[in-house]
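The chain contents come next:
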Amino acid sequence: METEMEAYDDYIYVKQCLDGNREAFRELVIRYQKYIYHTVYRMIHDSEMSRDLTQEIFIKAFTKLHTYDAGYSFKTWIGRIAAHHAIDHVRRRKPEYPVSSDAFRPDRPTAIDLALSREPAQDQKLLQDERAEMVTQAVRHLDPKLRMIVILRHYEDMNYSEIADVLNIPIGTVKNRLFRAREKLQELLLGNPLMVQEVVS
Amino acid sequence: MKCARFRDLLDAYSDGEMDETLSELMKEHIRNCPECEAMYSLRNRLSCLLHAHGPDINDIDLSDAIMKRIQTLPAPVTPNPLKRPALYALLAALLISGSLMILGYAGMPDTISPADLLKLISYTVNLPEEMQASLYELWAFLNALGVIVRTFLWVVVQIARIVLVKLPVKIPIAVFSAAGVIVAGWWYRRQRKHSTFTGLRI
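Since this is a predicted model, take the numbers as computed values, not measurements.

Definitions and limits used
- Residues numbered from 1 in each chain as written.
- Chains lettered and ligands numbered in written order.
- Predicted model: local features only at pLDDT ≥ 70, side-chain atom pairs only at ≥ 80, totals over all residues.
- Heavy atoms only, no water.
- Helix = DSSP H or I, 4+ residues; strand = E, 2+ residues; numbered from the N terminus.
- Buried < 20%, exposed > 50% of the residue type's maximum accessible area, 1.4 Å probe, protein only.
- Areas by Shrake-Rupley, 256 points an atom, 1.4 Å probe, with all protein chains shown as cover.
- Contact = heavy atoms within 4.5 Å.
- Phe/Tyr/Trp six-rings, centres within 6.5 Å; stacked < 30°, edge-to-face > 60°.
- Salt bridge = Lys/Arg side-chain N within 4 Å of Asp/Glu carboxyl O.
- Polar contact = N/O pair within 3.5 Å; in protein donor to acceptor, adjacent residues only side chain to side chain.
- Core = buried A, V, L, I, M, F, W, Y, C linked by side-chain atoms within 4.5 Å.
- Axes fitted to C-alpha atoms, helices over the stretch in contact; angles between N-to-C directions.
- Parallel < 35°, antiparallel > 145°, perpendicular 65-115°, else oblique.
- Left-handed = near helix turned anticlockwise from the far one by under 90°.
- Nonpolar A, V, L, I, M, F, W, Y, C, P; charged D, E, K, R; others polar.
- Buried area = accessible area lost by both parts, 1.4 Å probe.
- Disulfide = S-S within 2.5 Å.

The next thing to look at is the overall build of chain A. From N to C terminus, chain A includes 10 helices and zero strands. Taken from N to C terminus, the helices and strands of chain A fall in the order α-α-α-α-α-α-α-α-α-α. Looking at chain A as a whole, 50% of its 201 residues qualify as buried. Accessible area for chain A stands at about 9400 Å²; split by element, carbon and sulfur atoms hold 48% of it.

Structurally, His 51 of chain B can be placed in helix 3 (residues 34-52). Classification of His 51 of chain B by relative accessible area gives partly exposed; the value is 46%. In this view, His 51 of chain B contacts His 154 and Asp 157 of chain A; residues no more than four positions away in its chain are not counted.

Turning our attention to the packing of aromatic side chains. Enumeration according to the criterion identifies eight aromatic pairs over all chains in this entry. A centroid spacing of 5.4 Å and a plane angle of 50° characterise the contact between Tyr 13 of chain B and Tyr 40 of chain B, whose relative ring orientation is tilted. You can see Tyr 13 of chain B sitting in helix 1 (residues 3-14) and its partner Tyr 40 of chain B sitting in helix 3, a full 27 residues away along the chain. A residue is classified by how much of its surface remains accessible, and Tyr 13 of chain B, at 13% relative accessible area, is buried. Connected via pairs of aromatic rings, a cluster forms that spans Tyr 32, Tyr 68, Phe 74 and Trp 77 of chain A.

On to the pattern of salt bridges, then. Counted by the stated rule, this structure contains 15 salt bridges over all chains. Arg 31 of chain A serves as the salt-bridge partner of Asp 9 of chain A, at 3.5 Å between the closest nitrogen and oxygen. Of the two residues, Asp 9 of chain A sits in helix 1 (residues 4-18) while Arg 31 of chain A sits in helix 2 (residues 24-44), which places them 22 residues apart along the sequence. Judged by its relative accessible area of 24%, Asp 9 of chain A falls in the partly exposed class. Measuring nitrogen to oxygen at the nearest pair gives 2.6 Å for the salt bridge that ties Arg 182 of chain A to Asp 11 of chain B. Of this pair, Arg 182 of chain A sits in helix 9 (residues 171-189) while Asp 11 of chain B sits in helix 1, which puts the two residues in different chains. For Arg 182 of chain A, a relative accessible area of 2% corresponds to the buried category.

Moving on to the side chain of Asp 11 of chain B. Here Asp 11 of chain B falls in the buried class, since its relative accessible area comes to 6%. Within the local environment of Asp 11 of chain B, its side chain forms a polar contact with the side chain of Arg 182 of chain A, the two groups lying 2.6 Å apart. For Asp 11 of chain B, the residues in contact, after removing those within four places along its chain, are Tyr 160, Phe 179 and Arg 182 of chain A together with Arg 43 of chain B.

Of all hydrophobic cores here, the largest spans 79 residues; its most connected members are Phe 25, Phe 74 and Leu 167 of chain A. The element best represented in this core is helix 2 of chain A, accounting for 12 residues.

What follows concerns the packing of helix 2 of chain A against helix 7 (residues 144-155) of chain A. All names here are of chain A. Where helix 2 contacts helix 7, the two axes come as close as 10 Å, and the packing angle between them is 135°. Put simply, helix 2 runs oblique to helix 7. The crossing of helix 2 and helix 7 is right-handed. Facing helix 2, whose interface residues are Thr 39, Arg 42 and Met 43, helix 7 presents Pro 144, Arg 147, Met 148, Ile 151, Leu 152 and Tyr 155. Looking at the contact of helix 2 with helix 7 residue by residue, the class counts come to six nonpolar, one polar and two charged.

Attention now moves to the interface of chain A and chain B. In this complex, chain A contributes 68 residues to the contact, which on the side of chain B involves 48 residues. For the pair chain A and chain B, the two sides together bury roughly 5700 Å², of which 64% comes from carbon and sulfur. Counting across the chain A and chain B interface gives five salt bridges. Connecting chain A to chain B are 19 residue pairs in polar contact (both at pLDDT 80 or more). Considering each element in turn, the side of chain A that touches chain B owes the most residues, 10 residues, to helix 2 of chain A.

Further remarks concern the state of the cysteines. Enumeration over the complete set of coordinates arrives at zero disulfides over all chains. No disulfide involves Cys 3 of chain B; its sulfur sits 3.7 Å from the nearest other cysteine sulfur, which is in Cys 36 of chain B.

So far we have only geometry, and geometry alone does not tell us how the molecule works.
Right, dumping it as structure tokens:
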């Protein structure tokens, strides 16, 4: 996830903050704002709201800085605050982000259909957008906890133990949620069991 | 390997979270079982789709906005020593040892300890024989407890002397302190392992 050197630097910045040097916190913001913003954005798909949430997360981290445990990396620690905040936000504001069920009509071609059909070259861009939209919608269709697992595994490339640390859950639970999330995504994106054969061939 | 087992382990395998021996068995199974191979490629396909079609996110720089808000906040608190559980434990130990000293358990010669008081009562009051026997048993127990408590207190007092008065370190004191540090370290690690550091559980 990050080098030992970086983790040590983070520790120094935290110490400097606790000793009264607020500017040291800027380094931590610069280092992790992208990670936090991306994670939050992938959860809620609203850039304005993601900016606000990212700010809130860093403010919370600053006020809670004395509870930071140097046994974990700062990235894990702030990631945990972010995950908690983002999941909470999705739960509270659920009606504000309706997921279009239109994307999953049975007669609509699945991403695999689109991938397999040979479209003329000029339609490639359109096809790409269509597929990206389907993937986005499918991920948004997941329960917030499962969505967070998919984001951490597939977009942040974390391994199981890093995910377990960030979400503060046992590795067994990580595996279980990942399994459920993937089954659901496969169902949504890769269509019915007949598709299995098609993909193999 | 059976298909059910293969499917249980499929995610760990495709995520590279598996040791080599087991990975080999999985590979072997994929070669021989078309159905499981299909499931495996479905998983791979999904990973590719997710990777290839993540949402486009613009990079942002919120550092100025965040720092502006932070300037208006009170400074983060340095950990309050009184919030450390180890200190509470030490305070509790001192409190208990203090009260026991007053009760006569820590070698104050001019007070009567509860054990001696009990013995005195059993001599002076005319009690039924059975009750007297159990009183003697209680007396013996309290005496033994007294020895343990006094030993413990001696250790506590020696440690306190080093910490508070900074007396020159003598060998027994050093030995006991080292033991104390080891126990405290073990306790702290155990504590940390079982606690959640921000209290957030998702």
